[in-house]
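# Structural overview
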Amino acid sequence: MDDLIDLLQQNALMPRPDMARLLGLDVDAVNSAIAKLEADGVVLGYQAIINREKWDADKVTAIIEVKITPERDGGFDRVAARIAKFEEVQSCYLLSGGYDLLIVIEAANLRTAAAFVAEKLSTIDAVQATATHFRLKTYKENGTFHHFAAAADRLAVSP
Amino acid sequence: MSIAIADHVRNIPRSGIRDFFEIVQTMDDVVSLGIGEPDFATPWHIREAAIYALERGRTGYTSNLGLPRLRRSISDYVCRKFGLAYEPLSEVLVSVGVSEAIDLALRALLNPGDEVLYHEPCYVSYAPSITLARGVARAIETSAEDGFRLAASDLEAAITPRSRVLMLNFPTNPTGATMDPADLEEIAAVCIRHDLVVMTDEIYSELIFDGGTHTSIASLPGMKERTVFLHGVSKAFAMTGWRIGFACAPAALIEAMMKIHQYAILCAPIMGQDAAIEALERGDQSVEKMRKEYELRRNFITGSLNDMGLDCHKPKGAFYVFPKVFGLTSKEFSLRLLSEEKVAVVPGTAFGASGEGHVRCSFATGLEQIKVAMERMAGFVMRLRSQAPAG
């Protein structure tokens, strides 16, 4: 199962017969294993990694540190869920350290990003403070390089 | 005038791999399964440590035996992975790849005419290195039916009063053969009975599949004192170009090897030695990641080869499969596969006469390349079968 999850994480679009051959299983076994991972909620979804310089270059990504006051009953979870539900929010993590939540937002442009922070995020009662960092360039995302291509020539035949 | 070359050098045949390489060099779009080195670049943390060392100006000679710090790393690593305790400052020598260590050990051990036994098919350098050290190379054939393991009875039968050394290489290049502890115990008993020195080249020992473990013959009772344990960072850590190998052996032998090494080589390059420290001390995770990838590719390639009707056992180690071909000799098969389908494999005979009937396919190549190679090879084999129905 570990190997199958690794393969899905590297390239979820790899043809199932190839996956089967790599894992030494038959295609039906791979299909049902993937179906089970999906049904059990282990695999939550599949996404493409987009090079923002080539597509939708105006889109803004911001990483926002959020300090919040936990609620007496819900702790951090309820506030986090409330923030995560905004459709601008792509990712939301609870962290240890100097602030509590780290959120990643995407917005059509700088103005909408700023509006989200000023009007939606900061106005939530539990939010004490925010610090917003705008993405300038992506070098690596989810294990995939955006910029460097490494190629090394090997001898065509060697002992 | 023509310069006369020494007889014992002139009589050494050129490597079969080199002949083949020269043909491949002239062609475009070849998919090569002929490469005996990892397709991964050295893991970044190791490269980065080497860059840092260079920045600090570490560019000089080292002690002949290698940096003391590296020798301690080697001693710790060998203890951790193989259960072997070597004294870092007197029982460890850092060499320019395992190839140099093999040469040093042979030259330090052999008197002219002494016999060295080794199992075949085997790495291309063994027989020539023995000859260059003025020894007599005695191959012991192994077979696919036996999983290319060395049988104690075959070893015993090959021993003569001149036999001094047994060379082992498990997991084996080119067959991927491995030995169980019980097999090794039988070999060890023969070596003790006949007072043989064992040189064990365990360069592929981290690349073991199916959850198996590797046992070094040096760890068996009574063996450490008669064994030269040879290893290096090339294969498991994807560090072929750094040229760092090492030998662990009783101090008197290391001292003798060092005499040759200091006059011929002086020391292994310090850049490689600094990188090797990082690899051995902090490289386990990188190795495991690559090992896993090799294991999946092995499944892919053995599945494909068996489907197309080229019989091949699933190797339990290294990164080679050694399928049986039919209808043609190894060399004809490889040459035709190359010219008709542009797929390079290495003829089994490059690894000794007993490799006839087989070709070596390396799976230290990206999956996409392997897929293309398997498709082309399947087409070739199908044509071959229709031409030679007797196969």
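Residues numbered from 1 in each chain as written. Chains lettered and ligands numbered in written order. Predicted model: local features only at pLDDT ≥ 70, side-chain atom pairs only at ≥ 80, totals over all residues.

## Some words on the sheet that holds strand S11 (residues 346-347) of chain B
By way of backbone hydrogen bonds, the strands of a sheet pair with one another, either parallel or antiparallel. All names here are of chain B. Pairing is antiparallel across the open sheet formed by three strands, whose spatial order is S9-S12-S11. Among the strands making up the open sheet, the edge pair consists of strand S9 (320-321) and S11. Across two bridges, S11 lies against strand S12 (residues 359-362) in antiparallel orientation. Bridge assignment links Pro347 to a residue of S12, and that residue is Val359. (Pairing = 2+ DSSP bridges. Helix = DSSP H or I, 4+ residues; strand = E, 2+ residues; numbered from the N terminus.)

## Regarding the sheet that holds strand S3 (residues 101-107) of chain A
Residues and elements named next belong to chain A. Strand order in the open sheet formed by four strands is S2-S3-S1-S4, and the pairing between neighbours is antiparallel. Since the sheet does not close on itself, it has two edges, and those belong to strand S2 (89-94) and strand S4 (127-134), each with one partner. Averaged over all pairs of adjacent strands, the angle between strand axes in this sheet comes to 20°, irrespective of strand direction. The pairing of strand S1 (residues 60-68) with S3 spans seven bridges and is antiparallel. Residue pairing for S3: Ile64 is matched across the bridge by Ile103. (Axes fitted to C-alpha atoms, helices over the stretch in contact; angles between N-to-C directions.)

## Focus on the pairing of S1 of chain A
Relative to S4 of chain A, S1 of chain A is paired through seven bridges, and the arrangement is antiparallel. By the bridge assignment for S4 of chain A, Val66 of chain A is matched with Thr130 of chain A.

## Here we look at unusual backbone geometry
Note: most residues except glycine have negative phi, and most peptide bonds are trans. Residues and elements named next belong to chain B. Along the chain, Phe170 connects to Pro171 via a cis peptide bond; the corresponding omega equals -10°. Within the secondary structure, Pro171 sits in the loop between strand S5 (163-168) and helix H8 (181-193). Here the bond from Asn173 into Pro174 is cis, since omega is 20°, no more than 30 degrees from zero. A positive phi angle, close to 60°, is found at Asp210, a residue other than glycine. Phi is positive for Lys342, which is not a glycine, with a value near 55°.

## What about the confidence of the model for chain B?
For chain B, per-residue confidence averages 96 on the pLDDT scale, and residues scoring 70 or more make up 99% of the total. With a pTM of 0.91, the predicted complex shows an ipTM of 0.80. (pLDDT = per-residue confidence, 0-100.)

## Digging into the packing of helix H3 (residues 44-55) of chain B against helix H10 (residues 270-282) of chain B
For any two helices packed against each other, the geometry is given by the interaxial angle and the distance between the axes. Residue and element names in this part refer to chain B. Taken N-terminus to C-terminus, the directions of H3 and H10 make an angle of 140°; their axes are 8 Å apart at the nearest point. With respect to H10, the element H3 is oriented oblique. Seen along the crossing, H3 lies across H10 with a hand that is right-handed. Across the interface between the two elements, His45, Ile46, Ala49, Ala50, Ala53 and Leu54 from H3 touch Met271, Asp274, Ala275, Glu278, Ala279 and Arg282 from H10. Considering only residue class, the contact of H3 with H10 consists of eight nonpolar, one polar and three charged. (Parallel < 35°, antiparallel > 145°, perpendicular 65-115°, else oblique. Left-handed = near helix turned anticlockwise from the far one by under 90°. Contact = placed C-beta atoms within 7 Å. Nonpolar A, V, L, I, M, F, W, Y, C, P; charged D, E, K, R; others polar.)

## Let's talk about the domain arrangement of chain A
On domain assignment, one finds that chain A holds domain 1 (2-39) and domain 2 (60-138). Summarising the inter-unit geometry, the C-alpha centres of domain 1 of chain A and domain 2 of chain A are found 35 Å apart. (Domains from an automatic or database assignment.)

## A look at the interface of chain B and chain A
The partner chain A presents 13 residues to the 22 residues of chain B that form the contact. For the side of chain B that touches chain A, the residue count by class is 13 nonpolar, eight polar and one charged.

## Focus on the environment of Asp146 of chain B
Residues and elements named next belong to chain B. By secondary structure assignment, the location of Asp146 is in the loop between strand S4 (136-141) and helix H7 (152-158). Overall, the presence of 12 C-beta atoms within 10 Å leaves Asp146 in the exposed class. As a C-alpha pair, Asp146 and Ala177 span 31 residues in sequence and 9.4 Å in three-dimensional space. (Buried ≥ 20, exposed ≤ 12 C-beta atoms within 10 Å, placed from the backbone.)

## So, the nonpolar core
One recurring pattern in soluble globular proteins: nonpolar side chains tend to sit buried together. All names here are of chain B. Ala105, Leu166, Val198, Met199, Val228, Ala247 and Val343 are the most contacted members of the largest nonpolar core, which has 122 residues in total. With eight residues, the top contributor of residues to this core is helix H5 (residues 97-109). Excluding residues that lie within four positions of it along the chain, Met199 makes contacts with Ile102, Ala105, Val165, Met167, Val228 and Leu230. (Core = buried A, V, L, I, M, F, W, Y, C linked by C-beta atoms within 7 Å.)

## Brief notes about the domain arrangement of chain B
By a frequent convention, interface size equals the accessible area lost on bringing the separate parts together. Residue and element names in this part refer to chain B. As far as domains go, chain B holds domain 1 (7-42 + 285-387) and domain 2 (60-283). The C-alpha centroid of domain 2 is placed 25 Å from the C-alpha centroid of domain 1. At the junction of the two partners, domain 1 supplies 34 residues and domain 2 supplies 33 residues. Of all the elements in the fold, those that place two or more residues in the side of domain 1 that touches domain 2 are helix H11 (284-307) and S9. If you tally residues by element for the side of domain 1 that touches domain 2, the top one is H11, at seven residues. The residue makeup of the side of domain 1 that touches domain 2, split by class, is 16 nonpolar, eleven polar and seven charged.

## Observations regarding H8 of chain B
Residue and element names in this part refer to chain B. Compared with the 18 Å implied by 1.5 Å per residue over 13 residues, the 18 Å span of H8 between its first and last C-alpha is a close match. Among the residues of H8, those classed as buried are Leu184, Ile187, Ala188 and Cys191. All buried residues of H8 fall inside an arc of 105° around its axis, so they share one side. More than 90 degrees from the buried face of H8, the exposed residues found are Ala182 and Arg193. Tucked into the core, H8 has its buried residues touching H7, S5 and strand S6 (197-201). In the segment just after H8, Asp195 is the residue with positive phi, at about 55°. (Expected span 1.5 Å × (residues − 1). Arc of directions from axis to C-beta.)

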